[in-house]
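Residues per chain, in single letters:
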Amino acid sequence: MIRYLHTMRAKRGFTMVELIIVIAIIAILAAMVFPLFSNDDAKRDTAEVYASDFYASLQYCMTRYQKTDYHINTEMAQAAADFKADSTKNPFIVYDETKGQNVCAVPHSAIAAYNIYLEAYNKKGIQYVKLAYSLQNLLNDTATTSDIAAERLLQDDLEDIVNDMGEGYYYAVINYDSEFGNFKVLTAHYCDDKLPAITNVATYKEDNLMIVDEAELGCGIICGTCSSDRNSTGAYVGSMGTHFLNVDDIEYNGTVIYTPAT
């Protein structure tokens, strides 16, 4: 009988005090963990808003640059002068008198359509805009100033029209079609961290630029995306399983005419 009572006493379970302590510990852990998830969700939502706003603002600028405008033409004349003085400062956008509009300075005359890559950094105002003809050149460029006329023009214009630009890095791909003289923003992105430089071209896209969960890159950076462009599988660039910044080949009339240097 005494042995039975000891056995029952051993199986009596938790006391009320013990239960309260356990519940309190669970509540504390939940309070610590749940905000991490909610903060990530908020970051993703905010990144999407920033990317969307940047996309619309950049497309507005590029469409405006196609039109005849005294202010823009003056800046682009300066771009041509800069290029003559320093051939490394490609103007990217110049005024074409025969077409009566601003056009992209095509790097190779045989290319009818190609991409321009853009990076902008904002911290209480846009600090710089960088343009490049390849993703590798863009990400490996350590400049933190807008060095050429087209970059300075974009910096000033974006500063004036972007509604709510958060602190961080903005990336975009602008396509130019020389046949029609059209500028089109294919994708625009917002990241709170700068993308890493390219040290290994063969694995960079897979390791860093693959969208892994709709809003996060393979390197762990939360990324907002706004895109009008579809990749080779037909999915919009920025969808899970696609490559960031539209690094696919460019097709024109069904023929691959340009492979960006990445």
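Residues numbered from 1 in each chain as written. Predicted model: local features only at pLDDT ≥ 70, side-chain atom pairs only at ≥ 80, totals over all residues. Heavy atoms only, no water.

K.L.:
Quick question: what am I supposed to make of the pairing of strand β1 (residues 93–96) here?
P.N.:
Residues in a regular strand point their side chains to alternate faces of the sheet. With 4 bridges joining them, β1 and strand β2 (residues 101–104) adopt antiparallel strand pairing. Counterpart to D96 in the pairing with β2 is Q101. What sits between the antiparallel neighbours β1 and β2 is a turn of 4 residues, in which G100 has the positive phi angle 70 degrees. (Pairing = 2+ DSSP bridges. Helix = DSSP H or I, 4+ residues; strand = E, 2+ residues; numbered from the N terminus.)

K.L.:
How do you make sense of the pattern of salt bridges when you look at a structure like this?
P.N.:
Pairing is possible between side chains of opposite charge, provided their charged atoms come close. Using the criterion set out here, one finds 5 salt bridges in the structure. A salt bridge links D213 to R44, with the nearest nitrogen and oxygen atoms 2.9 Å apart. Of this pair, D213 sits in the loop between α6 (201–209) and β7 (223–227) while R44 sits in helix α2 (residues 16–65), and the two are 169 residues apart along the sequence. Owing to a relative accessible area of 31%, D213 belongs among the partly exposed residues under this scheme. The closest approach of N and O atoms between R44 and E216, which form a salt bridge, is 3.2 Å. With R44 in helix α2 and E216 in the loop between α6 and β7, this pair connects stretches of sequence that are 172 residues apart. Its relative accessible area of 17% is what places R44 among the buried residues. Each member of the salt-bridge network shares a partner with another, and the members are R44, D213 and E216. (Salt bridge = Lys/Arg side-chain N within 4 Å of Asp/Glu carboxyl O. Buried < 20%, exposed > 50% of the residue type's maximum accessible area, 1.4 Å probe, protein only.)

K.L.:
Looking at this model, I keep getting lost on the packing of aromatic side chains. Mind explaining?
P.N.:
Two aromatic rings, taken as a pair, are described by how far apart their centres are and by the angle between their planes. Across all of its chains, the model carries 6 aromatic pairs by this definition. The interplanar angle of 45 degrees and the centroid separation of 5.0 Å between the aromatic rings of F54 and Y170 together place this pair among those described as tilted. Linking F54 in helix α2 with Y170 in strand β5 (residues 168–177), this pair joins segments that are 116 residues apart in sequence. With a relative accessible area of 1%, Y170 lands in the buried category. An angle of 45 degrees between the planes, with centres 5.0 Å apart, marks the rings of Y176 and F183 as tilted. Residue classification places F183 among the buried residues on the basis of a relative accessible area of 4%. (Phe/Tyr/Trp six-rings, centres within 6.5 Å; stacked < 30°, edge-to-face > 60°.)

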